[in-house]
Amino acid sequence: MNKKERIVNFKQFKNYLFEKGILVIVLVFLFAAGLAAYGYKKQEKPSGASIGLIVSQNQTAFAEGSPRYTYKRQPDGTVNASLLIKVDFKYMDLDENKADSVQAMSNLLQGDVTSILKSQAVLDKVIDKLDLRNRYEDTKNITAADLKWMINKYFNGERVLTITVTDVNEERAVELVKELAAQLNENAKSYASVTDVTIIDDVMIEKKGQVVKQAVSKKKLAILGLAGAFIGFLFSVVVLFVIYIVKDVVRTEEDLSVADADCIGKINKKDKENGYKFTAANLVKDEKIKKILLLSNDDKELTDIACELQKALAHYDRSAKLYSSRKLDEKSVKCFGSFKELVSGLDKSDADLKVILSADYFSDPDAILLSKDVDMVVLCADYGKTNIDEVAKNAAKTLEISKKRLNAVIVK
């Protein structure tokens, strides 16, 4: 048998799709529900609050160097995490030529301290230490320049510094403000004018308004659901088509023909009676046929089919008796204890038509000897289960032993 000679029967494939209807429906539903759920989640995301908006809004609102540079705007749906830090200065170390008043001295010292929180080296260290680029999707591309615009820093009076981080994630905002305070403490003390840095209180949280959610569009969800259903249907068709082609099993008469076997009947559960009558008609259309060897490796299937064929043959006034050399659990089958007894029993039988039940050649050696002395060999091929190679091997063996073509019944 040359497998390449098989032709894809699209009509049969359509029937195969209907058989797998439950699987197709499940896949269609899963894809539709999945895509709709994804759309719902995307639409439910907060609007007006994002890292990008915080950065861009602050960049356009204040220019670096402005007297009010430290006062950051806060969009709705964001969170402020703040820490109060006491910074003690040693004014006597300040060069008298650089300041002619306490206020001027204070401004210069405060500028030195806040510049630490604008340092790219410090901000890069904060990003790396908190692993912002790997832990969060919205900060995977964050830079020191971006982080700078999320930080609000200003002195209340001469010595109390407020550090505020504006973010959309409360937990992350708290981590950031604490790490910034730690970096300030580490770096500020390197200044000769700074004597001490102390955190005054715990982190304070302030939420700006409510998280604003976009209205969920039912129309968009419906479109996404339909798109998901269509994708699910296409996916199921493609997968089942691949399985249909790759799974080399008997489904059609063409499949039997490729295996060098002739189809003499199709027995379908939906129309069993006509299926058996059609098969019986093909068995008795040649009056010379007196002995038939019926092959199947499933004993129950073998006896069920034989008994139903016996009834169908009676419809055409042909009396059939069933025989086997194996013990089968069916009263209407005459079972013999050995092959020799079976041959003797067949010789003594006066039945109009003798149907011998056996497993195939490769499971029951008796079948090889029995096929030499019968008029027809019929193999029961299970729809979608019996491999074409299996049919082909039995067909080749039948031709070799009895010089006859193998006949087959497709049982669905």
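What counts and what doesn't
- Residues numbered from 1 in each chain as written.
- Predicted model: local features only at pLDDT ≥ 70, side-chain atom pairs only at ≥ 80, totals over all residues.
- Heavy atoms only, no water.
- Core = buried A, V, L, I, M, F, W, Y, C linked by side-chain atoms within 4.5 Å.
- Buried < 20%, exposed > 50% of the residue type's maximum accessible area, 1.4 Å probe, protein only.
- Helix = DSSP H or I, 4+ residues; strand = E, 2+ residues; numbered from the N terminus.
- Axes fitted to C-alpha atoms, helices over the stretch in contact; angles between N-to-C directions.
- Parallel < 35°, antiparallel > 145°, perpendicular 65-115°, else oblique.
- Contact = heavy atoms within 4.5 Å.
- Nonpolar A, V, L, I, M, F, W, Y, C, P; charged D, E, K, R; others polar.
- 1 Å grid on protein atoms, 1.4 Å probe; cavity = no way out; pocket = protein on both sides within 12 Å on 5 of 7 lines; lining within 4 Å.
- Points joined across faces, edges and corners; volume = space filled by probe spheres on them.
- Expected span 1.5 Å × (residues − 1).
- Pairing = 2+ DSSP bridges.

*Asks:* How would you explain the nonpolar core if you had to name every residue and give the values?
*Replies:* If you look at the biggest cluster of nonpolar residues, it comprises 37 residues, and the most contacted ones within it are L147, I163 and L184. It is helix α8 (residues 170-188) that provides the largest number of residues to this core, a total of seven residues.

*Asks:* Before we move on, could you go through the packing of helix α11 (residues 272-284) against helix α12 (residues 299-315) and cite the residues and values that matter?
*Replies:* With their axes 8 Å apart at the nearest point, α11 and α12 run at an angle of 70° to one another. The angle between α11 and α12 falls in the class roughly perpendicular. Residues Y276, K277, T279, A280, L283 and V284 of α11 form the contact with α12, whose participating residues are D304, I305, E308, L309, A312, L313 and H315. Here the contact of α11 with α12 is composed, by residue class, of eight nonpolar, two polar and three charged.

*Asks:* Summarise the layout of surface pockets; cite the residues concerned and give the values.
*Replies:* To find the voids left in a structure, one rolls a probe of water-molecule size over its atoms. The space that makes up the largest pocket amounts to roughly 550 Å³. Forming the boundary of the largest pocket are 17 residues, of which I267, K269, E301, V411 and K412 lie nearest the centre. Sorting the residues of the lining of the largest pocket by element identifies α11 and α12 as the ones contributing at least two each. Of the residues assigned to the lining of the largest pocket, the class counts are five nonpolar, one polar and 11 charged.

*Asks:* Outline the environment of D329, listing residues and values.
*Replies:* Tracing the chain through its elements places D329 in the loop between β8 (320-324) and β9 (333-335). For the pair formed by D329 and K300, sequence separation is 29 residues and the distance between their alpha carbons is 7.9 Å.

*Asks:* Could you give me a rundown of α11, with the residues and numbers involved?
*Replies:* When the terminal C-alpha atoms of α11 are compared, their 18 Å separation across 13 residues agrees well with the 18 Å that a helix rising 1.5 Å per residue should span. Listed as buried for α11 are G275, Y276, T279, A280, N282, L283 and V284. Here the buried face of α11 lies against β6 (261-267), β7 (291-295), α12, β10 (353-358), β11 (376-382) and β12 (406-411).

*Asks:* Run through the pairing of β8, naming residues and quoting values.
*Replies:* β8 sits mainly inside the fold: four of its five residues count as buried. Sheet analysis places β8 next to β10, joined by five bridges and oriented parallel. Considered in β10, the bridge of A320 is made with L353.

*Asks:* Residue-level account of empty space enclosed by the protein, with values.
*Replies:* In this structure the tally under the stated criterion is one cavity of 30 Å³ or more. A volume near 70 Å³ is recorded for the largest cavity. Lining the largest cavity, in full, are L283, I292, L294, A306, L309, Q310, L313, L322, V355 and V378.

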